[in-house]
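Structure assessment
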Amino acid sequence: MGNQTAASPIQDWTALHIWLYIFMNELPYNPLYEKGFDRMGCWLCPSSSLGDLKRLKKTHPHYEEKLMNHLYAYAEKSGIDKQWADYGFWRWKSLPPT
């Protein structure tokens, strides 16, 4: 659109820059970062690291159980090996060649 200016002041910041800014300015942040999560978003985001998804088992076991039950049921219905769910392959659009 014409006559509009877009600004992304922290677009080039690293995670270190952001955390330094947060601490220097005593800003609030999500306490789940202190439990080891790398990013916040929807709890079953396919873009989450496998570590974050596994961490759910410790921090939010009811969500992890709900997710895994759904994935196991889908895998069984579709004739997919259980490892598809265990190893997070459900997050992939297509699996790499073996």
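Just so we're clear, the structure is a prediction, and the values are computed from it rather than from any experiment.

1. So, helix α3 (residues 61–78)
- Here α3 contains 18 residues, and its C-alpha end-to-end distance of 25 Å stays within 8% of the 26 Å for a straight helix at 1.5 Å per residue.
- Two residues or fewer after α3 comes Gly79, characterised by a positive phi angle close to 70°.

2. Remarks on the side chain of Glu64
- With respect to the helices, strands and loops of the structure, Glu64 is situated in helix α3.
- Of the buried charged residues, Glu64 lacks a salt bridge, with Lys57 as the closest side chain of opposite charge at 4.8 Å.
- In this structure Glu64 touches Leu53, Leu56 and Lys57, once residues within four positions along its chain are discounted.

3. Comments concerning the confidence of the model for the chain
- The predicted model of the chain averages 87 in pLDDT, with 97% of residues at 70 or higher.
- The weakest mean pLDDT in the chain belongs to helix α2 (residues 50–59) at 84; the strongest belongs to helix α1 (residues 15–24) at 94.

4. Considering the pattern of salt bridges
- For the structure shown, the criterion picks out 1 salt bridge.
- Salt-bridge contacts for Arg55 lead to Asp52; the nearest nitrogen and oxygen are separated by 2.6 Å. Of this pair, Arg55 and Asp52 both sit in helix α2, separated by 3 residues, roughly a single helical turn.
- Given a relative accessible area of 25%, Arg55 falls into the partly exposed group.

5. Some remarks on the packing of aromatic side chains
- Within the structure shown, the criterion is met by 8 aromatic pairs.
- Here Tyr87 and Phe89 contribute two aromatic rings whose centre-to-centre distance is 6.0 Å and whose plane-to-plane angle is 50°, an arrangement assigned as tilted.
- Looking at Phe89, the relative accessible area reads 28%, which means it is partly exposed.
- One aromatic cluster is present, formed by Trp19, Phe23, Tyr29 and Tyr33 through successive ring pairs.
- In this structure, Arg55 packs its charged tip against the face of Phe37, placed 5.6 Å from the ring centre.

Definitions and limits used
- Residue numbers run consecutively from 1 along every chain, following the written order of its sequence.
- In view of the model being predicted, local features appear only for residues whose pLDDT reaches at least 70, and side-chain atom pairs are presented and counted only at 80 or more, with totals across whole chains, interfaces and linings using the full set of residues.
- Each side-chain value is derived from all of the structure's non-hydrogen atoms; neither hydrogens nor water enter the calculation.
- Only DSSP runs of H or I covering at least 4 residues are called helices, and only runs of E covering at least 2 are called strands; the numbering of each starts at the N terminus.
- One less than the number of residues in a helix, times 1.5 Å, gives the span that helix is expected to have.
- For every residue, the accessible area obtained with a 1.4 Å probe (protein chains only) is divided by the maximum for its type, and the residue is called buried under 20%, exposed over 50%, and partly exposed between those limits.
- Charge convention: Lys and Arg are scored as positive, Asp and Glu as negative, and His as well as the terminal groups of each chain are ignored.
- We define a salt bridge as a contact between a side-chain nitrogen of Lys or Arg and a carboxyl oxygen of Asp or Glu at a distance within 4 Å.
- In what follows, a contact means two residues having at least one pair of non-hydrogen atoms within 4.5 Å.
- pLDDT is defined as a per-residue confidence score from the predictor, taking values between 0 and 100.
- Here is the rule: rings of Phe, Tyr and Trp (six-membered ring for Trp) pair when centre to centre is within 6.5 Å. Planes less than 30 degrees apart are stacked, more than 60 are edge-to-face, and the remainder are tilted.
- Either the NZ atom of lysine or the CZ atom of arginine qualifies as a charge over a ring when it sits within 6 Å of the ring centre and within 35 degrees of the ring normal.

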